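Coordinate analysis (summary)
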Amino acid sequence: MNKIDVSEVKLRYSMKDILERLGIEINKKGFICCPFHNEKTPSLKIYEHSYFCFGCGTGGDVIDFVKHYLNLTFPEAIEYLGGASLSFSEQRKIMNRKRDYDKAKSEEQERKQKYDALMDKWIRLDRQRKEFAPVSQFEQPHEKFIEAIKELPLIEHELDNLK
Ligand SMILES: [Zn+2]
């Protein structure tokens, strides 16, 4: 890490500079959609050298923002903000790391959604299995019961694979 005065870095860059560099647009009221929690209406207020989210309570200075947004360590964030001292390939490396991180995060979310959907299906079929179970051995099994006992193991197998 280069010898950079941290407080100098904080003052050298405004939040606007940083957001511009990251390609994030600020609305007319000075808010952005918070990248740190899920939201559709912007509730993260941008100040000259700091930010605060009224939705999730996240806040800090330019370094904190860069650190969290790009998922960097403190020295890396300082380095990123150092700008001039950072070569293009180094900047790209940092951006790539951010992209990989985002990708892993969205894959995880996708997996969770799939798991939840399968779980819902399993619960529904399990209920169906109990509800339509034959009462005596002479009774012809209900087609919904057959469907349930056929599909439940398949879903269980898929759930196992998602773990
Ligand atoms: Zn937030």
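This structure is a prediction, so every number in the text was calculated from the model and none was measured.

Now for the environment of lysine 29. With respect to the secondary-structure elements, lysine 29 resides in the loop between helix H2 (15–22) and strand S1 (31–32). Taking the C-alpha atoms as reference points, lysine 29 and isoleucine 94, 65 residues apart in sequence, are found 30 Å from one another.

What follows covers the domain arrangement of the chain. Taken domain by domain, the chain holds domain 1 (6–86) and domain 2 (110–162). On a C-alpha basis, the centres of domain 1 and domain 2 stand 48 Å from each other.

Overall, the coordinates contain five salt bridges when judged by the stated rule. The partner of aspartate 126 in a salt bridge is arginine 129, with the nearest N and O atoms 2.8 Å apart. Remark: arginine 129 and aspartate 126 occur in helix H5 (residues 88–131); sequence separation between them is three residues, near one turn of the helix. Among the ionic pairs, aspartate 126 bridges to lysine 130, the shortest N-O distance being 3.0 Å. Here lysine 130 and aspartate 126 lie together in helix H5, a separation of four residues that amounts to about one turn. According to the relative accessible area criterion, aspartate 126 is buried, its value standing at 10%. Taken together, the shared-partner salt bridges connect Asp126, Arg129 and Lys130 into one network.

This part covers the nonpolar core. Ranked by size, the top nonpolar core spans 25 residues in total, and within it Ile18, Leu22, Phe65, Val66 and Leu70 carry the most contacts. At the level of secondary structure, the elements contributing two or more residues to this core comprise H2, strand S2 (44–46), strand S3 (50–53), helix H3 (62–69) and helix H4 (74–82). In terms of residues, this core owes the most to one element, H3, which gives five residues. Discounting residues that sit within four places of it in the chain, phenylalanine 65 has contacts with Met15, Ile18, Leu19, Leu22, Ile24, Ile32, Pro35, Phe36 and Tyr51. Formed by seven residues, the second largest nonpolar core is a distinct cluster that contains Ala148, Leu152, Leu159 and Leu162.

For the zinc ion, every protein donor is listed as Cys34 (SG), His37 (ND1), Cys53 (SG) and Cys56 (SG), and the spread of their distances is 2.1 to 2.3 Å. Here the zinc ion binds four donor atoms, and the angle range of 103 to 120° at the metal identifies the geometry as tetrahedral.

A separate point is the pairing of S3. Of the two faces of S3, the one holding Tyr51 and Cys53 is buried and the one holding Ser50 and Phe52 is not buried anywhere. In terms of strand pairing, S2 meets S3 through three bridges, oriented antiparallel. Residue leucine 44 lies in a different strand from S3, and its bridge partner there is cysteine 53. Linking two consecutive strands that pair antiparallel, namely S2 and S3, is a turn of three residues. Direction of pairing for S3 relative to strand S4 (residues 59–61): antiparallel, over a ladder of three bridges. Residue pairing across strands places serine 50 opposite aspartate 61, the latter belonging to S4. From the end of S3 to the start of S4, which pair antiparallel, there are five residues, and glycine 57 there has a positive phi angle of about 85°.

This part covers H3. For H3, the complete set of buried residues consists of Val62, Ile63, Phe65, Val66 and Tyr69. When H3 is viewed along its axis, its buried side chains cluster within an angular range of 160° and face the same direction. The opening residue of H3 is aspartate 61, an N-cap whose side-chain oxygen sits 3.0 Å from the backbone nitrogen of isoleucine 63. Once H3 ends, the next one or two residues include asparagine 71, with phi positive near 55°.

The rules behind the values
- Residues numbered from 1 in each chain as written.
- Predicted model: local features only at pLDDT ≥ 70, side-chain atom pairs only at ≥ 80, totals over all residues.
- Heavy atoms only, no water.
- Helix = DSSP H or I, 4+ residues; strand = E, 2+ residues; numbered from the N terminus.
- Domains from an automatic or database assignment.
- Salt bridge = Lys/Arg side-chain N within 4 Å of Asp/Glu carboxyl O.
- Buried < 20%, exposed > 50% of the residue type's maximum accessible area, 1.4 Å probe, protein only.
- Core = buried A, V, L, I, M, F, W, Y, C linked by side-chain atoms within 4.5 Å.
- Contact = heavy atoms within 4.5 Å.
- Donors = N, O, S within 2.8 Å, 3.2 Å for Na, K, Ca; no water.
- Tetrahedral: all angles 85-135°; square planar, octahedral: opposite > 155°, others 65-115°.
- Pairing = 2+ DSSP bridges.
- Arc of directions from axis to C-beta.
- Polar contact = N/O pair within 3.5 Å; in protein donor to acceptor, adjacent residues only side chain to side chain.

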